[in-house]
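As a plain string of letters, each chain reads:
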Amino acid sequence: MPINYKEIEEFLCKLALEKVGPIIKSKSGTLQEYDLKTGSRRVDIVTAIDKQVEAIIWETVKKEYPDFKFIGEESYIKNVTKITDEPTFIIDPIDGTTNFVHDFPFSCTSMGLTVDKIPVVGVIFNPHINLLVSASKSNGVRVNGKEFDYKDKLKSMGPLVLNKSIVALQPGSAREGSNFICKMKTYQNLLDCEKGFIHGFRNLGSSAMTLAYIALGKLDSYWDGGCYCWDVCAGWCILNETGGTIVGANDQEWQIGVNNRTYLAVRGCFESTSGEQKKYIKDFWSCVDGKLSYE
Amino acid sequence: MALSKQELKSIENALINLVKEEVGPLIKVQSGTKFESYEDKANSVDLVTQVDQKVESIVKNYLLEKYPNFKFIGEESYVKGVTKITNEPTFIVDPIDGTTNFIHGFPYSCISLGLSENQKPVVGVVFNPHLNQLFHGSKGNGAFLNGTPIEVAKRPLVLQKALVGFESGSERDDSGNFDIKAKTCKNLLSQDGALIHGVRSLGSAAMNICYVATGMMDCYWEGGPWCWDVCAGWCILNETGGLIVNGNPNNWDVSLNGRCYFAIRGGSNEKEQHEFIKSFWSHVAGDLKYEYKD
């Protein structure tokens with residue numbers, strides 16, 4: 001029997017709105033105790049609430065879809081957990097944990113489904129600004145349950161050109177080594193009036209919210225390295241449904257998998273055949289100084 | 001004679017009414033639809049729109065009719081080298097703060113209406129119609145978000161655990177400021193530097209200051225804005241136990257139009273704030289230089 005993606009989207013929306021959102025909203029900014037996940041040399045925060053929320057999501061989806069695989073940020077085991085072709089829920093219980101700890105209003109839940117390793121359902125809910133963005137393959141995008149007319153939005157936007165764009169950038173939690181240096185140099189190239197000269201960068205501290213914002217036409221692109229599949233899976237499906245695309249962060253990485261760890265997400269264009277998107281990606285890559293590389 | 005607490009509250013209420021009824025809806029409807037209409041101001045990154053000018057004229061007419069003895073300074077009517085902030089009660093207004101956001105439809109453009117007296121901010125109203133966030137306050141009367149008093153939760157203020165508002169700004173040439181900002185950002189993030197929790201960039205000085213006022217960010221460091229970008233937020237921040245000092249190291253004073261600012265949240269005591277400020281300054285990679293206009 002074929003999988004009904006729309007039904008899964010609705011199921012995840014309900015879970016986000018009724019169970020996960022209220023916890024994130026009520027606990028945001030209330031925690032003084034948290035761990036540094038990967039040791040003292042990184043700023044990667046995890047709280048007890050992350051684990052609790054992931055357990056709730058897991059239990060709920062298992063009951064409804066017992067045969068599907070499940071990959072969650074908190075239960076992921078390095079080198080053991082693999083994405084297969086099976087239907088797989090890929091979940092970040094709380095994306096933007098640093099925001100969550102600080103009560104900066106851009107933490108959210110991000111729940112996606114892949115089939116054949118391709119994102120086919122995506123649900124992102126930010127309870128602080130009450131924004132629910134959802135999509136499923138070939139079914140378009142909904143914002144708080146209402147159909148989102150992405151073509152109309154793209155029509156109202158200006159051309160997709162690097163030096164007229166707003167780019168989301170996040171330094172991330174690794175603060176030394178070649179990736180950190182590559183990021184800092186690339187940011188400067190993007191901003192520099194002799195190089196990328198972008199309109200500006202924005203940093204919301206949540207990959208999922210950033211991808212949702214690109215799909216909604218509020219940002220033009222997002223360049224990052226270090227994220228995992230659960231940070232991007234839901235947003236990837238949503239972005240695909242609005243004509244956007246995700247490639248690798250480094251030059252010539254046109255085809256990447258969901259766990260590539262480096263990403264360049266770019267919005268759609270009204271004239272999808274104009275080649276604007278492709279040119280944008282190439283121009284962007286030319287500002288990347290060095291190479292982002294992760295295990 | 002200084003304006004009384006009651007008079008300030010009454011002005012605050014008038015400004016709230018103005019942004020909610022008149023100006024907010026205009027900005028909300030037009031955001032993200034004016035891509036082709038911007039003019040080239042200093043360079044192509046500093047964007048001004050017709051809506052900006054229209055909003056300012058609505059605000060100016062309204063305020064000067066209601067408060068004919070007050071002065072008015074607005075971003076769009078400001079004249080370099082001529083417009084001065086005096087001790088008189090002066091409305092200091094940015095019709096649309098976050099113009100780039102406004103043009104692109106990124107939901108962090110807002111209206112920023114402030115009043116200064118004796119060159120200090122005494123009333124502030126900042127309204128973001130996209131997220132429906134209305135921050136307001138006046139001297140001695142506290143600060144509010146959508147009518148609810150802002151209370152910053154007491155918690156330690158430590159640089160390593162800080163979330164810092166940071167913007168690159170529109171000045172991107174080799175005059176020195178761009179380079180100092182990039183180096184400072186790197187110093188703050190780096191393993192060998194402050195190793196802070198993170199930076200956030202919303203693209204609006206007024207919104208950044210308001211987020212510091214609520215404690216959503218711990219601080220905001222900036223060079224380049226003008227008095228109209230900071231006046232309203234500054235008053236709101238003061239009312240929540242926060243403060244603004246100079247963005248350049250070892251300078252505790254900054255005037256309304258000082259153009260280099262460092263805003264620090266409340267929810268901590270003065271000693272902690274001062275330690276935090278000194279610790280932050282130690283990572284600033286040099287003095288930002290701007291033309292001072294007061």
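Residues numbered from 1 in each chain as written. Chains lettered and ligands numbered in written order. Predicted model: local features only at pLDDT ≥ 70, side-chain atom pairs only at ≥ 80, totals over all residues. Heavy atoms only, no water.

An unreviewed UniProt entry lists chain B under the name Inositol-1-monophosphatase, from Vanderwaltozyma polyspora. On record in UniProt, under Pathway (unreviewed entry), the comment for chain B is "Polyol metabolism; myo-inositol biosynthesis; myo-inositol from D-glucose 6-phosphate: step 2/2." (UniProt positions renumbered as here; feature names shortened; annotations may be inferred.)

Under an unreviewed UniProt entry, the name given to chain A is Inositol-1-monophosphatase, and the source organism is Vanderwaltozyma polyspora. Check the Pathway (unreviewed entry) section of the UniProt entry for chain A; it says "Polyol metabolism; myo-inositol biosynthesis; myo-inositol from D-glucose 6-phosphate: step 2/2." Of the comments in the UniProt record for chain A, the one headed Cofactor (unreviewed entry) reads "Mg(2+)".

Attention shifts here to the overall build of chain A. Helix and strand counts for chain A come out as 8 helices and 14 strands. Computed over C-alpha atoms, the radius of gyration of chain A comes to 18 Å, within 12% of the 19 Å expected from 2.2 N^0.38 for 295 residues, which places it in the range of a compact globule. C-alpha atoms of chain A, sized along the principal axes, occupy 55 × 45 × 35 Å. Burial status across chain A gives 59% buried among its 295 residues. (Helix = DSSP H or I, 4+ residues; strand = E, 2+ residues; numbered from the N terminus. Rg over C-alpha atoms; globule rule 2.2 N^0.38 Å. Buried < 20%, exposed > 50% of the residue type's maximum accessible area, 1.4 Å probe, protein only.)

This brings us to the packing of aromatic side chains. The final tally for this structure, using the stated rule, is 33 aromatic pairs over all chains. Ring geometry for Tyr213(A) against Phe106(B): centres 5.8 Å apart, planes inclined by 85°, an arrangement best described as edge-to-face. Of this pair, Tyr213(A) sits in helix α6 (residues 207-215) while Phe106(B) is found in the loop between α3 (99-104) and β5 (110-117), placing the two residues in two different chains. Owing to a relative accessible area of 1%, Tyr213(A) belongs among the buried residues under this scheme. Ring geometry for Tyr67(B) against Phe70(B): centres 5.2 Å apart, planes inclined by 20°, an arrangement best described as stacked. The exposure classification of Tyr67(B) matches that of Phe70(B), with both residues buried. (Phe/Tyr/Trp six-rings, centres within 6.5 Å; stacked < 30°, edge-to-face > 60°.)

Residue and element names in this part refer to chain A. With numbering matched to this structure, UniProt assigns "binding site: Mg(2+)" (unreviewed entry) to Glu 73, Asp 92, Ile 94, Asp 95 and Asp 231. Spanning 159 residues, the named residues nonetheless gather at one spot, since no C-alpha pair among them exceeds 9.5 Å. For Glu 73, the position within the fold is in the loop between β3 (69-72) and β4 (88-95). Mapped onto the elements of the fold, Asp 92 is located in strand β4. A residue is classified by how much of its surface remains accessible, and Asp 92, at 1% relative accessible area, is buried.

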